[in-house]
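# Descriptive structure summary
Residue strings, one per chain:
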Amino acid sequence: MRFRETLIPTLREAPADAVAESHKLLLRAGYVRQLAAGLYIYLPLGWKVLGKINRILREEMDAIGAQEVSMPILQPAEPWQQTGRWQAIKEEMFRLKDRTGRDMCLGMTHEEIMTWLAAREIRSYRQLPQMWYQIQTKLRDEARPKSGILRTREFLMKDSYSFDATHEGLLRSYKLHEGAYHRIFRRCGLEFRQVESDTGMMGGAVAHEFMAPSPAGEDEILVCPSCGYTANVEVAGSVPPAAELIEDAPGEVHTPDKRTVEEVSSFLKRKPSGFIKSILVITDKGPVLALVRGDQQMHEKKLMKLAGPFRPATKPEVQEILGVEAGFIGPAGLNKELRIIADPVLQTGVYVTGANKKDYHKKGVRPGTDFRPEWHDIHTASAGDGCPKCSAALAAEKAIEIGNIFQLGTKYSAPLGANYLDENGKEIPLVMGSYGIGPARIAAALVEQNHDKNGIIWPESVAPFDVEIIPLASGKATEAAEEFYARCRSNGIDALMDDRDERPGVKFKDADLIGIPKHVIIGEKGLKEGVFEFKDRLTGQVEKLPPEDVWEKVKWRKPIS
RNA sequence: CGGGGCGUAGCGCAGUCUGGUAGCGCGCACGGUUCGGGACCGUGAAGUCGAAGGUUCAAAUCCUUUCGCCCCGACCA
């Protein structure tokens, strides 16, 4: 393509609203424009990049035997009502009525519709397994769109769904996707990790996320440098550093007005790890007392999986339920039966905790003896904690979620009646999996991971063009550049020809900003010596070479590793 | 949804406190000189000051309401 004829509106300065590096650069380099909060226009360069990513997605999905289909974005409410998600999902779903008053929604994902189709078309075990995928627009009324194209209300998603006769079949489909995802992200040139993850509202037992490490990421993951254990902080296990053991004799201490662990620990001159933090929460089934060690943070998602949705108790509620002011509550010597969930790190040791008496704490409390809780991991794993598998020190990093895979089981097939007949003529629900990848997130994560102060540095596989040709104004240079450009075109090399009447500096700056990996600079100077210049955007290295050698370099493509 | 910030030309900003009828840089158009890392000179076009209502002789500026966008948190199928 010719620069002059293409919409590539580069900006010298980034709009003040942009904060994330990928957002700034994609805006400045002319890849995207914002229409409204969480709604983006993809300009020619941006759309080409998405196209490249989508091609890789299709190739790898096709390679594992998945079939591409296209599902409506506008959907009737019924399937969603049948699976219960019409109720379970709240403001995040765009809802509307058609002219007859029928409830409709805009698809935020396609489990319901894919399963609806499966319910009608799959009848026999002989048809199984099936894997269907699409690259389709999703709409979610996000509470907070942010970071440019990282979190938007409308976005493209490659979503696929597997239908198997058995759980073993599901595992096979899951593994196939796992492998495809690894190949996809590797081909895109992304640094990524696969982590254990929460299944969330998708349901099902097992799920993994694919994460691209980046400070712009919204997720935190824990990584063991020794054994390779990796998990989202939402599910990550860890062994916090051992606490100093102080064998107090049981007894009360006067702690006037000292409520939080910080206050009491500095008052008693004890480390926070010698305390039990008691948190009263209100669930649908009543109050629950959650306990973590004083130096630890409770992880709400972990507790939510055990106790269901909850909220912290208000101060009056604490008074009413436990008969003591908040700040002095503890698990030992409660005035009533209460569900107590304690983090296993408290299984050993002797602790200080609230005495359930205003202005008093209790010393020498032995969990398991002085009170009998349910033991469940509810603390937040953090950097420096021991790995749950090998006990080496864990590291924490921020990451962008670029894909996820879920073993759904029969969560959708059962309510939607997606059954098949087995060899014995028995009707059995399909065992399903679902698998997503966000192409725009791949693009944004790539920019986050691959840029310098001058601009973007795309990997060859997803760059909008293979090469940018930069003639420096002069009749001869333009002529030579045109010839080179024509040669690229007739050999299937996608070249961007900067045919603008601009000064060299402007062309160089724009080329670096746009980030095509190879630049060919053709100037009067070089022509006199009989050379073109080949610049590697990544290293910045420029080589003066005979045109034929430059051609060889432009033609050469990095093999897929 | 809670907290904070910001809306003035395509982009970045000043002007708002202390009311007097809108300005700077970049970009854009035209002419000229330039031409290897965002050139220079000259001329010019472009703004309902987010919107509505109010106060006032007079509102970008003061008051009220409202909309939008960004950030932190909550949420995130």
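Residues numbered from 1 in each chain as written. Chains lettered and ligands numbered in written order. Predicted model: local features only at pLDDT ≥ 70, side-chain atom pairs only at ≥ 80, totals over all residues. Heavy atoms only, no water.

### Considerations on the protein's contact with RNA strand B
- If you check the shell around RNA strand B, you find 42 residues, and the closest are Ile89, Met108, Arg151, Asp512 and Glu533.
- Within 4 Å of the protein, the contacting atoms of RNA strand B are 49% sugar and phosphate, with bases supplying the remainder.
- Within the side chain of Glu13, one N or O atom sits 3.2 Å away from a sugar or linking oxygen of RNA strand B.
- Here Arg28 contributes a side-chain N or O atom positioned 3.2 Å from a base oxygen of RNA strand B.
- Elements supplying a minimum of two residues to the surface near RNA strand B: strand S1 (32–36), helix H8 (300–307), helix H12 (504–514), helix H13 (524–529) and strand S30 (532–536).
- Per element, the largest residue contribution to the surface near RNA strand B is eight residues, and it comes from H12.
- When grouped by side-chain class, the residues that make up the surface near RNA strand B number 17 nonpolar, six polar and 19 charged. (Near = heavy atom within 4 Å. Polar contact = N/O pair within 3.5 Å; in protein donor to acceptor, adjacent residues only side chain to side chain. Helix = DSSP H or I, 4+ residues; strand = E, 2+ residues; numbered from the N terminus. Nonpolar A, V, L, I, M, F, W, Y, C, P; charged D, E, K, R; others polar.)

### Quick notes on the nonpolar core
- Core analysis: the biggest nonpolar cluster contains 58 residues, and Tyr31, Tyr181, Phe185, Ile402, Ile442 and Trp458 have the highest contact counts within it.
- Two domains each put at least three residues into this core: domain 1 (3–236 + 396–447) and domain 3 (465–555).
- When near neighbours in sequence (up to four residues on either side) are disregarded, Ile402 contacts Phe185, Leu190, Phe192, Phe210, Met211, Ala212, Gly436, Ile437, Gly438, Arg441, Ile442 and Ala445.
- The next biggest cluster of nonpolar side chains, apart from the first, holds 24 residues, and it includes Leu128, Trp132, Tyr420 and Met432. (Core = buried A, V, L, I, M, F, W, Y, C linked by side-chain atoms within 4.5 Å. Buried < 20%, exposed > 50% of the residue type's maximum accessible area, 1.4 Å probe, protein only. Domains from an automatic or database assignment. Contact = heavy atoms within 4.5 Å.)

### Points about the pairing of strand S11 (residues 219–223)
- Burial analysis of S11 places four of its five residues in the buried class, the great majority of the element.
- Here S11 pairs with strand S21 (residues 395–409) via five bridges, running antiparallel. Of the residues in S21, the one forming a bridge with Val223 is Ala395.
- Counting the residues that bridge the hairpin from S11 to strand S12 (residues 230–232) gives six residues, and of these Gly228 lies at a positive phi of roughly 90°. (Pairing = 2+ DSSP bridges.)

### Things to note about the sheet that holds strand S31 (residues 542–545)
- Sheet architecture is open: five strands sit in the order S28-S27-S29-S30-S31, paired in mixed fashion. On the outer flanks of this sheet lie strand S28 (495–497) and S31, each paired with one strand and no other. Averaged over all adjacent pairs, the angle separating strand axes in this sheet is 25°, with direction ignored.
- Alignment of S30 against S31, held across four bridges, turns out to be antiparallel. Paired with Lys535 across the two strands is Val542, which belongs to S31. (Axes fitted to C-alpha atoms, helices over the stretch in contact; angles between N-to-C directions.)

### Concerning the packing of aromatic side chains
- Applying the stated rule across the entire model yields 11 aromatic pairs.
- Between Tyr181 and Phe210, the ring centres sit 5.3 Å apart and the planes meet at 55°, which makes this aromatic pair tilted. Placement of the pair is Tyr181 in helix H6 (residues 167–187) and Phe210 in strand S10 (residues 207–213), with a sequence separation of 29 residues.
- Taking the relative accessible area as the measure of exposure, Tyr181 reaches 0% and is therefore buried.
- Taking relative accessible area as the criterion, Phe210 reaches 0% and is therefore assigned buried.
- Aromatic pair Phe484 and Phe532: ring centres 5.7 Å apart, planes at 75°, arrangement edge-to-face. Pair noted here: Phe484 is in helix H11 (residues 475–490) and Phe532 is in strand S30, with a separation of 48 residues, a long-range link. Comparing Phe484 with Phe532 shows no difference in burial state: the two are buried.
- Through a chain of ring-to-ring contacts, three or more aromatic side chains come together here, namely Tyr181, Phe185, Phe192 and Phe210.
- Taking the ring centre of Trp86 as reference, the NZ or CZ of Arg95 above it sits at 4.6 Å. (Phe/Tyr/Trp six-rings, centres within 6.5 Å; stacked < 30°, edge-to-face > 60°. Lys NZ or Arg CZ within 6 Å of the ring centre and 35° of its normal.)

### So, helix H14 (residues 547–555)
- Along H14, the positions that sit buried rather than exposed are Val550, Trp551 and Val554. Relative to the axis of H14, the buried residues are bounded by an arc of 105° and lie together on one face. (Arc of directions from axis to C-beta.)

### Regarding the side chain of Glu401
- On the secondary structure map, Glu401 appears in strand S21.
- No salt bridge is formed by the buried Glu401; the nearest opposite charge belongs to Arg441, separated by 4.4 Å.
- Contact partners of Glu401, with chain neighbours within four places excluded, come to Glu209, Phe210, Met211, Asp219 and Arg441. (Lys, Arg positive; Asp, Glu negative; His and termini not counted. Salt bridge = Lys/Arg side-chain N within 4 Å of Asp/Glu carboxyl O.)

### Here's the deal with the side chain of Arg537
- Looking at the secondary structure, you find Arg537 in the loop between S30 and S31.
- In this structure Arg537 comes out as buried when scored by relative accessible area, which is 3%.
- Reaching out from Arg537, the side chain makes a polar contact with the side chain of Asp452 at a distance of 2.8 Å.

### Digging into the packing of H11 against H14
- Here H11 crosses H14 at 35°, and the two axes come no closer than 12 Å. With respect to the hand of their crossing, H11 and H14 are arranged in right-handed fashion. The segment H11 lies against H14, with Phe484, Arg487 and Cys488 engaging Pro547, Glu548, Val550, Trp551 and Val554.
- For the contact of H11 with H14, the residue count by class is six nonpolar, no polar and two charged. (Left-handed = near helix turned anticlockwise from the far one by under 90°.)

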